[in-house]
Structure formats: structure tokens, C-alpha cells
Amino acid sequence: MIDTAPPLVEMLQVNKHFGTLHVLRDIDLTVARGEVVVVIGPSGSGKSTLCRAINRLEPIDSGTIRVDGVSLPAEGKELARLRADVGMVFQSFNLFAHKSVLDNVTLGPIQVHRMPKAEAESKARALLERVGVADQANKMPAQLSGGQQQRVAIARALAMDPKVMLFDEPTSALDPEMISEVLDVMRELAASGMTMIVVTHEMGFAKASANRVVFMDHGQIVEQAVPAEFFANPRSDRARDFLGKILSH
């Protein structure tokens, strides 16, 4: 159930440039606790930059971003502490290649939260069980399929007990048969009440699991609506054109 508390994530008049390219234009976006927001749009529309700006992986030029009421500082220990509240799952897994699956998942809790090793390992094994790769705990990432690596990456993010999970095109590097196993984990997370911001091309996930679809183009939020409304009756020509192209395949 989405509550009426202050938003968990707030972006207010956020702007970002890469040189002369204006990639985020006056972005206003709020995400409530427990809400699943799916961000869609054509390539180059600013979706991934928006996602990465929320935990300052991309610094912004102007505007305000708050997570649970606290503005993100530019750098330092405060940023690291706040970043721990924001789980991130990338397109390319970003696991530590020289560490076992178990060590990948325990690293954050041990180093950032100072959790005792035995407790961190117990928690990690439970999370690996949750995402369906408990039997891979002692393997190295290179010994896993892409789908398994991405599920480990989700477990690693969850190990930090984040307040919100960001997914930046988490299935786009995967073979088709691996996509569903990752989306299943994401659907389970969404159903459990995790606050999620998901940049994806998976319209089935958006229809089934999102509370709201945000459509971006040229660095702007063009429109946003509940999935049934957005997919049945997009208000902008740009969204109609986009959906016409992707849903016809």
C-alpha cells in the first residue's frame, strides 16, 4: 500500500549537461514509499542519466535531489552513507570478478555497516536463496551465466537494506531466456513492497508491476500515468509514436 508520507525520492528542477548536450531538463519527479516507477523512452532520452543522478553517480548541474528527506551531498562520508540507502543494479552486473559470489554480497555490509562476518554471510546466503542462486555462493562471477550474475547483483544491492532500488536497464545485456529469470526476481521485489525506479525496455514488466510509467524524451518527462492508462491511451504524440514502434514487434 502506498502511504501518504513525504516522498522517498524527490527530484526538483534537476538539470544535467554533458558538454553542450542538455541531457536532463528541469526534471521534477517524486516517488512514494513502496511505489514502483518504470522509466521508458527512446535511446538518448536521459533515462539512465536520471537513474544515475539519484545516487550521485552522475553529478547534476542544478536542482535538488532528496532521498528520504535528505539532500544528497556532493561527496565524502555523508554521500557514502546516503548511497548505502540507494541500491543500484546496472546493465553490466558490475560484480567484483576476483571475489566469490558470497564475498560480493557480504562486502558492503561488512565494510559499510560494520556487520560481523558470520552475520553478513548468513544474510547473504538468505538473499542468494531469495534470488534463486544459493547453490552458486562459492563460485566466481565468471562461472555464472549472465542471468545468474544479475541476480547476484540484485542480492548484493539488497544486502545493504536499501530504502530504494534503482535498476538501470538490468536485462538489456542478457540473452532472452535469462531475461525472464531476472524479471521474476524484480516482480517478487515489487510485490514485496520495495520502492523501485526501473529504467527498462521490458513493457511486460511495466504493465504488470509498475504503479506508474514515466515517459522521457530529449531529457524531459513528457508524460506519466498508471500503466493501464499510459499503454491504452498515451496523451503525447511522442509516446504514441514510441509505443507504436515497440509494441508492433
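Cut-offs applied
- Residues numbered from 1 in each chain as written.
- Predicted model: local features only at pLDDT ≥ 70, side-chain atom pairs only at ≥ 80, totals over all residues.
- Heavy atoms only, no water.
- Phe/Tyr/Trp six-rings, centres within 6.5 Å; stacked < 30°, edge-to-face > 60°.
- Helix = DSSP H or I, 4+ residues; strand = E, 2+ residues; numbered from the N terminus.
- Buried < 20%, exposed > 50% of the residue type's maximum accessible area, 1.4 Å probe, protein only.
- Pairing = 2+ DSSP bridges.
- Right-handed = clockwise from strand over helix to strand, strands pointing away.
- Lys, Arg positive; Asp, Glu negative; His and termini not counted.
- Salt bridge = Lys/Arg side-chain N within 4 Å of Asp/Glu carboxyl O.
- Contact = heavy atoms within 4.5 Å.
- Expected span 1.5 Å × (residues − 1).
- Arc of directions from axis to C-beta.

### A closer look at the packing of aromatic side chains
Aromatic ring pairs are reported here in terms of the distance separating the ring centres and the angle at which the planes meet. Applying the stated rule across the entire model yields three aromatic pairs. With 5.4 Å between their ring centres and 50 degrees between their planes, Phe 215 and Phe 242 make a pair best called tilted. You can see Phe 215 sitting in strand S9 (residues 212-217) and its partner Phe 242 sitting in helix H9 (residues 237-247), a full 27 residues away along the chain. Residue classification places Phe 215 among the buried residues on the basis of a relative accessible area of 0%.

### Examining the sheet that holds strand S1 (residues 9-18)
Strands sit in the order S2-S1-S4-S5 across an open sheet of four strands; the sheet is antiparallel. The sheet is open, and its two borders are formed by strand S2 (21-31) and strand S5 (70-71), each paired with just one other strand. Looking at chain direction, strand S4 (residues 62-67) and S5 are connected through two bridges and run antiparallel. Residue pairing for S5: Arg 66 is matched across the bridge by Ser 71.

### Observations regarding the pairing of strand S7 (residues 164-168)
The element S7 is largely enclosed, with a buried count of five among its five residues. Residues Val 164, Leu 166 and Asp 168 of S7 are buried on one face, and the alternating residues Met 165 and Phe 167, pointing to the opposite face, are buried as well. With four bridges connecting them, strand S6 (residues 86-89) and S7 associate as parallel partners. By the bridge assignment, Val 89 is partnered in S7 with Phe 167. In the sheet, S7 pairs with strand S8 (residues 195-199) via five bridges, with the strands oriented parallel. Bridge pairing in S8 links Val 164 to Thr 195. For the crossover from S7 across helix H6 (residues 176-191) to S8, the handedness is right-handed.

### With respect to the side chain of Glu 169
With respect to the secondary-structure elements, Glu 169 resides in the loop between S7 and H6. Although buried, Glu 169 forms no salt bridge, and the nearest oppositely charged side chain, Lys 47, lies 4.1 Å from it. When neighbours within four sequence positions are excluded, Glu 169 is seen to be in contact with Lys 47, Ser 48, Gln 91, Val 199 and His 201.

### Things to note about H6
Spanning 16 residues, H6 covers 23 Å between terminal C-alpha atoms, matching the ideal 22 Å at 1.5 Å per step. For H6, the complete set of buried residues consists of Met 178, Ile 179, Val 182, Leu 183, Val 185, Met 186, Leu 189 and Ala 190. Viewed end-on, H6 has its buried residues packed into an arc of 155 degrees, placing them on one side of the element. Exposed side of H6, more than 90 degrees from the buried face: Glu 177 and Ala 191 are the residues found there. Against the buried residues of H6 lie strand S3 (36-40), helix H4 (117-130), helix H5 (146-158), S7, S8 and helix H7 (203-209). Phi turns positive, to about 100 degrees, at Gly 193, one or two residues after H6.

### Section: the pattern of salt bridges
As enumerated under the stated definition, the model contains 17 salt bridges in all. Lys 117 is paired through a salt bridge with Glu 121; the nearest N and O atoms lie 3.0 Å apart. Separated by four residues within a single helix, Lys 117 and Glu 121 lie in helix H4, roughly one turn from each other. The partner of Asp 237 in a salt bridge is Arg 240, with the nearest N and O atoms 2.4 Å apart. Here the residue Asp 237 and the residue Arg 240 both occupy positions in helix H9, the gap between them amounting to three residues, near one helical turn. For Asp 237, a relative accessible area of 59% translates into the label exposed. Linked by salt bridges that have partners in common, Arg 33, Asp 68, Asp 85 and Lys 163 make up one network.

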